[in-house]
Amino acid sequence: MFRDSAIVAYRNLLTILRVPTLLVTATIQPLMFVFLFAYVFGASLGGSQYREFLLAGIFAQTVAFNAAFTTVGLANDLHKGIIDRMRTLPMSRLAVLMGRTLSDTVVNVLALAVMAGCGYVVGWRINGGILDAALAFAVILLFAFAMSWVGAITGLVSPSVEVAQSAGLIWLFPLSFISSAFISGESLPGPLRVIAAWNPITAVAAAGRKLFDNGAPPTFVPAEGWPADHCVLYAILCSIGILAVAVPIALLQYRKVASH
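Because the structure is a prediction, the values reported are computed rather than measured. (Residues numbered from 1 in each chain as written. Predicted model: local features only at pLDDT ≥ 70, side-chain atom pairs only at ≥ 80, totals over all residues. Heavy atoms only, no water.)

Visitor: Looking at this structure, how should I read the overall build of the chain?
Guide: Across its full length, the chain holds 13 helices and 0 strands. Rg of the C-alpha trace for the chain: 19 Å, near the compact-globule value of 18 Å for 260 residues, within the 12% margin. Considering the chain as a whole, with its 260 residues, one finds that 50% of them fall into the buried category. Intrachain contacts of the chain at a sequence separation of at least 6 include 84% that bridge at least 24 residues. If you sum the accessible surface of the chain, you get close to 11,900 Å²; carbon and sulfur atoms cover 70% of it. (Helix = DSSP H or I, 4+ residues; strand = E, 2+ residues; numbered from the N terminus. Rg over C-alpha atoms; globule rule 2.2 N^0.38 Å. Buried < 20%, exposed > 50% of the residue type's maximum accessible area, 1.4 Å probe, protein only. Contact = heavy atoms within 4.5 Å. Areas by Shrake-Rupley, 256 points an atom, 1.4 Å probe, with all protein chains shown as cover.)

And the structure:
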């Protein structure tokens, strides 16, 4: 199974190498968000200190949005008949999905590297230790891997590639903005504050800030409650929980579409 997954992942990465424009969404879009929030909104939200606060949120949002790679990639393979060809081969069914999610995790590594470099340009710094920083990136990539499996489900249930392109983002936009990715969740009204506090994107962003030792601007109200006090643990539990639910559902849906 591991060898089959590696072969599928290698095939997907070769596709990206041959069509490098596929990386535009993974690199250009997060850079736009960095400069937009850092310089257009950043001056009124805390200046240089806000830019340090911002980057972990951009990291979390970007890897969540990059689940669209898995969504569109699987939908494209499905409707071009590539899934049917793989089904005829003596390979694990899990390998098809695992290969796709692993290759998209590699894309996320590249996206994080580009954003980190851009972050240093706008003033972001890793103020914590090297091990803490490594753990922060590991937590973010675990979340990216989990979200790829959600993207796999979306791609497998989409009736066309065009539907997959939009369906993968419809729910991600409110999820990313009703969070503490860009602002203090405590500033949100009533129910939205509760959603933001327990939002996995909030947890991943907060874990990154804690491990990178990036503080919030003094005007931001600190978050309270169990998710905020145990943000690193909660971020890891969220990713594990998403995987525990999404992997079996994705496999079940793959069996359905592959049997048609």
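Visitor: I keep staring at the environment of Leu-45 and nothing clicks. Help me out?
Guide: Among the secondary structure elements, Leu-45 is positioned in helix 2 (residues 24-45). Here Leu-45 falls in the partly exposed class, since its relative accessible area comes to 24%. Each C-alpha atom of the pair Leu-45 and Pro-159 lies 42 Å from the other, and the pair is 114 residues apart in sequence. Discounting chain neighbours no more than four positions away, the residues touching Leu-45 are Tyr-50, Pro-217, Thr-219 and Phe-220.

Visitor: I tried to follow helix 11 (residues 200-212) on my own but got confused; where do I start?
Guide: Counting along an α-helix, one turn takes 3.6 residues, and residues three or four places apart therefore face a common direction. The terminal C-alpha atoms of helix 11, which comprises 13 residues, lie 18 Å apart, in line with the 18 Å expected from a rise of 1.5 Å per residue. What helix 11 keeps buried is the set Ile-201, Thr-202, Ala-203, Val-204, Ala-205, Ala-207, Gly-208, Arg-209, Leu-211 and Phe-212. Asp-213 sits one or two positions beyond helix 11 and adopts a positive phi of about 60°. (Expected span 1.5 Å × (residues − 1).)

Visitor: When you look at unusual backbone geometry in this model, what are you seeing that I'm missing?
Guide: Negative phi is the rule for most residues except glycine; trans is the rule for most peptide bonds. Positive phi outside glycine occurs at Asp-213, with the angle close to 60°. With respect to the helices, strands and loops of the structure, Asp-213 is situated in the loop between helix 11 and helix 12 (226-229).

Visitor: What is the right way to read the nonpolar core from this model?
Guide: The nonpolar side chains of a soluble globular protein tend to be buried, and buried together. Of all hydrophobic cores here, the largest spans 63 residues; its most connected members are Phe-59, Leu-97, Phe-143 and Trp-149. Secondary structure elements with two or more residues in this core: helix 2, helix 3 (48-65), helix 4 (67-79), helix 6 (93-122), helix 7 (130-157), helix 11 and helix 13 (231-258). Residue contributions to this core peak at 14 residues, all from helix 7. Not counting the four nearest positions on each side in its chain, Phe-59 is found in contact with Leu-112, Met-115, Ala-116, Trp-124, Phe-137, Ile-140 and Phe-212. (Core = buried A, V, L, I, M, F, W, Y, C linked by side-chain atoms within 4.5 Å.)

Visitor: Could you clarify how one ought to interpret the packing of aromatic side chains in this entry?
Guide: Both the distance between ring centres and the angle between the ring planes are used here to describe each pair of aromatic rings. For the coordinates displayed, the defined rule picks out 15 aromatic pairs. On the basis of an interplanar angle of 75° and a centroid distance of 6.2 Å, the ring pair of Phe-59 and Phe-212 is categorised as edge-to-face. In this pair, Phe-59 sits in helix 3 while Phe-212 sits in helix 11, placing the two residues 153 residues apart along the sequence. For the pair shown, Phe-59 and Phe-212 are each scored as buried. Relative to Trp-149, the ring of Phe-145 has its centre 6.3 Å away and its plane inclined at 85°; by these criteria the two rings are edge-to-face. (Phe/Tyr/Trp six-rings, centres within 6.5 Å; stacked < 30°, edge-to-face > 60°.)

Visitor: Explain the environment of Ala-181 here, please?
Guide: Counting through the fold element by element, Ala-181 comes out in the loop between helix 9 (172-177) and helix 10 (190-198). Separated by 85 residues in sequence, Ala-181 and Val-96 place their C-alpha atoms 32 Å apart. Other than its neighbours up to four places away in sequence, Ala-181 contacts Phe-53, Leu-54, Gly-57, Ser-176, Ile-201, Ala-205 and Arg-209.

Visitor: Which parts of the structure should I look at to understand the packing of helix 6 against helix 7?
Guide: Interaxial distance between helix 6 and helix 7 falls to 9 Å at its minimum, and their mutual angle equals 135°. Overall, the two elements helix 6 and helix 7 adopt an arrangement that is oblique. The element helix 6 and its partner helix 7 pack so that their crossing is right-handed. Between helix 6 and helix 7, the contacting residues are Leu-94, Leu-97, Met-98, Thr-101, Leu-102, Asp-104, Thr-105, Asn-108, Val-109 and Leu-112 on the first element and Phe-137, Ile-140, Leu-141, Ala-144, Phe-145, Ser-148, Trp-149 and Leu-156 on the second. The residue inventory of the contact of helix 6 with helix 7, partitioned by class, reads 13 nonpolar, 4 polar and 1 charged. (Axes fitted to C-alpha atoms, helices over the stretch in contact; angles between N-to-C directions. Parallel < 35°, antiparallel > 145°, perpendicular 65-115°, else oblique. Left-handed = near helix turned anticlockwise from the far one by under 90°. Nonpolar A, V, L, I, M, F, W, Y, C, P; charged D, E, K, R; others polar.)

Visitor: I would appreciate a short explanation of a nonpolar patch on the surface in the present structure.
Guide: A contiguous nonpolar patch, built from Val-194, Trp-198, Trp-226, Leu-233, Leu-237 and Ile-240 and spanning about 590 Å² of accessible area, is present on the exposed surface. Where the nonpolar patch is concerned, the elements lending two or more residues are helix 10 and helix 13. Of the residues forming the nonpolar patch, the biggest block, 3 residues, is contributed by helix 13. Mapped onto the elements, Trp-198 comes out in helix 10. (Patch = residues over 30% accessible without salt bridge, like charges linked within 9 Å, V, L, I, M, F, W, Y side chains within 5 Å. Salt bridge = Lys/Arg side-chain N within 4 Å of Asp/Glu carboxyl O.)

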